[in-house]
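# Examination of the molecular architecture
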Amino acid sequence: MPPNDNANLILYEHRNKKLPLAILIHHNFFFSLIYAVLVGVSSFKKWRDFNSTDSLNSSLLLPVYWTWIVVEASRLYSGQKGVLLETVPELTAFFLLSFFPSSFIVLYMGFLQESILVWDRWMNVIMMAALFMEGGLTLRLLHSMSTSKRDSYS
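This write-up is about the structure you can find in this document. (Residues numbered from 1 in each chain as written. Predicted model: local features only at pLDDT ≥ 70, side-chain atom pairs only at ≥ 80, totals over all residues. Heavy atoms only, no water.)

Our next topic: the packing of aromatic side chains. One pass over the structure, following the stated rule, counts six aromatic pairs. Centroid distance F95 to F99: 5.1 Å. Interplanar angle 65°. Geometry classified as edge-to-face. Pair noted here: F95 and F99 are both in helix α3 (residues 88-99), with a separation of four residues, about one helical turn. With respect to class, F95 is no different from F99; both count as buried. When the ring of F99 is compared with that of F132, the centres are 5.3 Å apart and the planes differ by 50°; the resulting orientation is tilted. Taken together, the positions of F99 in helix α3 and F132 in helix α5 (residues 118-153) put the pair 33 residues apart, joining distant regions of the chain. An aromatic cluster is present here, built from F31, Y35 and W68 joined pairwise through their rings. (Phe/Tyr/Trp six-rings, centres within 6.5 Å; stacked < 30°, edge-to-face > 60°. Helix = DSSP H or I, 4+ residues; strand = E, 2+ residues; numbered from the N terminus. Buried < 20%, exposed > 50% of the residue type's maximum accessible area, 1.4 Å probe, protein only.)

Encoded structure:
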C-alpha cells in the first residue's frame, strides 16, 4: 500500500519505476550468456564450415559477434550500476548502447546474414524485444529521476 504523505509517495512511485528495469537487466544478463554461447558457436561454425558466396559477409561475422560481446558487457554493467546507484550518466550510456550498436548488431545477426539458422532468428527477436523494453523502461526511469530532482528544488 502506498504511503500517505506527498514526499513518501514520490519516493514510492520512483522506486516502482526502478524495479522493472532492474529485474529486466538481471534476466537479460542470463539470457545474454545463453545467447553469447549459442550464437558464438553457430557463428564460428558458419564462418568455418559454410561456403559463403559473399566474402564481406563471412569476414564480418566474427568481428560483429566480438563487438557485440564487448558492447553487451559494458551495456549491462552501466545499466546495473545506473539502476543501483541511480546515476544519470550510466543510465544514459545504457540507453545509448541499447539502441545504437546493440540493435544494429542483433538485427544483422538475426536477419541480414547469408546463412541464418531457424533458432538464430528467434533468439534475435527475443533479444531485440528485450532491448526495446529496456530502452523504454530506461526512458521512464530517467524521466522520473529528472522530475523528482526538479520537484525537490522547488
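This brings us to helix α2 (residues 55-85). Compared with an ideal rise of 1.5 Å per residue, which puts 31 residues at 45 Å, α2 spans 45 Å between its outermost C-alpha atoms and is within 8% of the ideal. For α2, the principal kink sits at L61 and spans about 30°; a proline, P63, occurs within the next four residues. With its phi angle positive at about 55°, E86 sits one or two positions after the end of α2. (Expected span 1.5 Å × (residues − 1). Bend = angle between axes of the 7 residues up to and from the residue.)

Its location among the elements puts F104 in helix α4 (residues 101-112). On the basis of relative accessibility, which here comes to 55%, the residue F104 falls in the exposed class. Along the chain, F104 and M128 lie 24 residues apart, while their C-alpha atoms are 9.5 Å from each other.

Let us look at the environment of S42. Secondary-structure assignment places S42 in helix α1 (residues 6-49). Distance from S42 to L117, taken between C-alpha atoms, is 8.5 Å for residues 75 residues apart in sequence. Leave out the neighbours within four places in its chain, and S42 touches L117, W119 and D120. (Contact = heavy atoms within 4.5 Å.)

As a further point, take the packing of α2 against α3. Where α2 meets α3, the closest approach of the two axes is 7 Å, and the angle between their N-to-C directions is 145°. Where α2 crosses over α3, the two elements pack in a sense that is left-handed. Here α2 contributes V71, S74, R75, S78, G79, K81, G82 and V83 to the contact with α3, which in turn contributes E90, L91, A93, F94, L97 and S98. When its residues are assigned to classes, the contact of α2 with α3 shows six nonpolar, five polar and three charged. (Axes fitted to C-alpha atoms, helices over the stretch in contact; angles between N-to-C directions. Left-handed = near helix turned anticlockwise from the far one by under 90°. Nonpolar A, V, L, I, M, F, W, Y, C, P; charged D, E, K, R; others polar.)

All right, on to the pattern of salt bridges then. Counted according to the given criterion, the structure contains five salt bridges. Between K46 and D120 there is a salt bridge whose closest N-O contact spans 2.4 Å. In this pair, K46 is assigned in helix α1 and D120 in helix α5, connecting sequence segments 74 residues apart. Grouping residues by exposure puts K46 and D120 together as buried. A salt bridge links R75 to E134; its shortest N-O distance comes to 2.6 Å. Of this pair, R75 sits in helix α2 while E134 sits in helix α5, placing them 59 residues apart in sequence. In this structure R75 comes out as buried when scored by relative accessible area, which is 0%. E134 gets classed as buried once you look at its relative accessible area, which sits at 0%. Here the salt bridges do not stand alone but share partners, grouping E72, R75 and E134 into one network. (Salt bridge = Lys/Arg side-chain N within 4 Å of Asp/Glu carboxyl O.)

Keep in mind these numbers describe shape, not what the thing actually does.
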